[in-house]
Amino acid sequence: MAHDPEYMLYNDRLSPSKFADVTDEEMYWKVRTEVILRNTGELPIEIVGPDAERLLNKVFARDVSKVRVGRCSYQFACYHDGGMINDGVMLRLTEDRFWMAQADGDLLNWYRAHAVNDDGTAMDVQVFDPNVWVSQVQGPRSLELLEAVIDGPMPEKFNYFDMTKVTIAGQAVVIGRSGFTNELGWEFYMTPDIDHAAVGDRIMSVGAAFGVIITGAGVFRARRIEAGLLNAGSDFDETTTPFAAGLGDFVDFDKGDFIGRTALLDADRSCRTWGMRTAHGVAQVGDTITIDGRLVGSVRATAWSPYLQCGVSIVRMHSAQHGPSTEVSVETVDGGTASAVLCTMPFYDEERLIPRGKLVDIPEAC
């Protein structure tokens, strides 16, 4: 089989985790200097009907009414106690039709359980899996490749977190300016009625001139950590509030009631989630961060950064007093111990200019 892939189960779907013909470091430099194609595994759930916006405003902490038709929005849901459930990118297709492309986990039944009015009657809304599959094209040459593969001219308006429809190889696809790499890029959403293979073949054949390769999950392992993009279930979970996860700015108390609002009003507003640089080695995931032998935090995600030439991690500290510039010790994957220092995220490109196309320098290792 081409590439000799290994698969993982994500959202009850098979998604490629790695390929025999490309290493994690090769994938990393491809997405940072050229362009890659990857199936993401995110699961779009459709919410449609006159009460769709009202249901989503009930479930999500951000104000859905502020999202215009033709725009995407990062959203997350909380339990009643303020703990986080899941997150993803929401697309507003029409005034009353949305796709929420969620991370691994269940939100479909959460929507359905809360699709009721205050008097107990059902909201006028449908919630279902539309069997849409998401893939992403990422890297500094991704928009050049988009212009080359679409059948017509480039969309007149396609800014960061915009969405629109284009035709690729005669197939109508929805595309959005987002991705889980924090590089310049776009994602495309394939409905069941289109020829998926035709779209993929067109991207790969035209993309050969741009250096495109197909990649697995390893392409974003270090890159998304550098960018501070959190992974549901590991970097945050039901025990983590948005404030502790560093996502407090996305909580909109002014929009009115939503699930978890009461608990979050009284919650500690301190952030306990930070980046961590390990100069000599890669930190071991788990309760491995200490100060003077005392356990002070856990490593939630970890990788080697080919660009920064150090280990990079997303960590959750036990106390808010341990923030950026705190020096710690951490166990490493080779069984040793190394010194490390906490930092803010993103590790670089603090203003997120790269995915907006405003920083186009091709990087080399530091």
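Definitions and limits used
Residues numbered from 1 in each chain as written. Predicted model: local features only at pLDDT ≥ 70, side-chain atom pairs only at ≥ 80, totals over all residues. Heavy atoms only, no water. 1 Å grid on protein atoms, 1.4 Å probe; cavity = no way out; pocket = protein on both sides within 12 Å on 5 of 7 lines; lining within 4 Å. Points joined across faces, edges and corners; volume = space filled by probe spheres on them. Helix = DSSP H or I, 4+ residues; strand = E, 2+ residues; numbered from the N terminus. Core = buried A, V, L, I, M, F, W, Y, C linked by side-chain atoms within 4.5 Å. Buried < 20%, exposed > 50% of the residue type's maximum accessible area, 1.4 Å probe, protein only. Axes fitted to C-alpha atoms, helices over the stretch in contact; angles between N-to-C directions. Left-handed = near helix turned anticlockwise from the far one by under 90°. Contact = heavy atoms within 4.5 Å. Nonpolar A, V, L, I, M, F, W, Y, C, P; charged D, E, K, R; others polar. Salt bridge = Lys/Arg side-chain N within 4 Å of Asp/Glu carboxyl O. Pairing = 2+ DSSP bridges. Arc of directions from axis to C-beta.

### Some thoughts on the layout of surface pockets
Rolled over the atoms, a probe sized like a water molecule indicates the empty space that remains.
Right, so step 1: Of the pockets and cavities examined, the second largest pocket occupies roughly 410 Å³.
Right, so step 2: Around the second largest pocket, the lining is made up of 19 residues, and of these P16, L37, N39, S135 and I214 lie nearest the centre.
Right, so step 3: Secondary structure elements with two or more residues in the lining of the second largest pocket: β2 (13-18), β3 (36-39), β9 (133-138), β12 (185-190) and α5 (196-207).
Right, so step 4: It is α5 that provides the largest number of residues to the lining of the second largest pocket, a total of 4 residues.

### Observations concerning the nonpolar core
Right, so step 1: Core analysis: the biggest nonpolar cluster contains 44 residues, and F76, L91, Y189 and L264 have the highest contact counts within it.
Right, so step 2: Elements represented by at least two residues in this core include exactly α1 (24-33), β5 (72-78), β6 (84-94), β7 (97-102), α6 (221-227), β16 (294-305) and β17 (310-317).
Right, so step 3: Grouped together as the second largest cluster of nonpolar side chains are 24 residues, I45, I47, M100 and L108 included.

### A short note on the packing of helix α4 (residues 142-149) against α5
Right, so step 1: In the contact formed by α4 and α5, the axes pass within 10 Å of each other and the chain directions differ by 115°. By crossing handedness, the relation of α4 to α5 is classed as right-handed. Two secondary-structure elements touch here, α4 through L145, A148 and V149 and α5 through R202, I203, V206 and G207.
Right, so step 2: Residues belonging to the contact of α4 with α5 are distributed by class as follows: 5 nonpolar, 1 polar and 1 charged.

### So, the pattern of salt bridges
Right, so step 1: Tallying each qualifying case throughout the model produces 18 salt bridges.
Right, so step 2: Notably, a salt bridge pairs R224 with D235, separated by 2.4 Å at the nearest N-O pair. Of this pair, R224 sits in helix α6 while D235 sits in the loop between α6 and α7 (261-265), and the two are 11 residues apart along the sequence.
Right, so step 3: Two residues, R300 and D237, come together in a salt bridge whose shortest N-O distance is 3.9 Å. Of this pair, R300 sits in strand β16 while D237 sits in the loop between α6 and α7, placing them 63 residues apart in sequence.
Right, so step 4: Taken together, the shared-partner salt bridges in this structure form one network comprising R32, E183, R223 and E226.

### Digging into the sheet that holds β17
As a general point, the strands of a sheet are linked pairwise by backbone hydrogen bonds and lie either parallel or antiparallel.
Right, so step 1: Read once around its circumference, the closed barrel built from 6 strands follows the order β14-β17-β16-β15-β18-β19, with strand pairing classed as antiparallel. For this sheet, the mean inter-axis angle between neighbouring strands, taken without regard to orientation, is 45°.
Right, so step 2: Where strand β14 (residues 273-278) meets β17, 6 bridges bridge the pair, whose relative direction is antiparallel. Its bridge partner lying in β17, M276 is registered against S313.

### Focus: α4
Right, so step 1: What α4 keeps buried is the set S142, L145, L146 and V149. Taken around the axis of α4, the buried residues stretch over an arc of 105°, which confines them to a single face.
Right, so step 2: As for α4, its buried residues are in contact with β9, β10 (163-168), β11 (171-176), β12 and α5.

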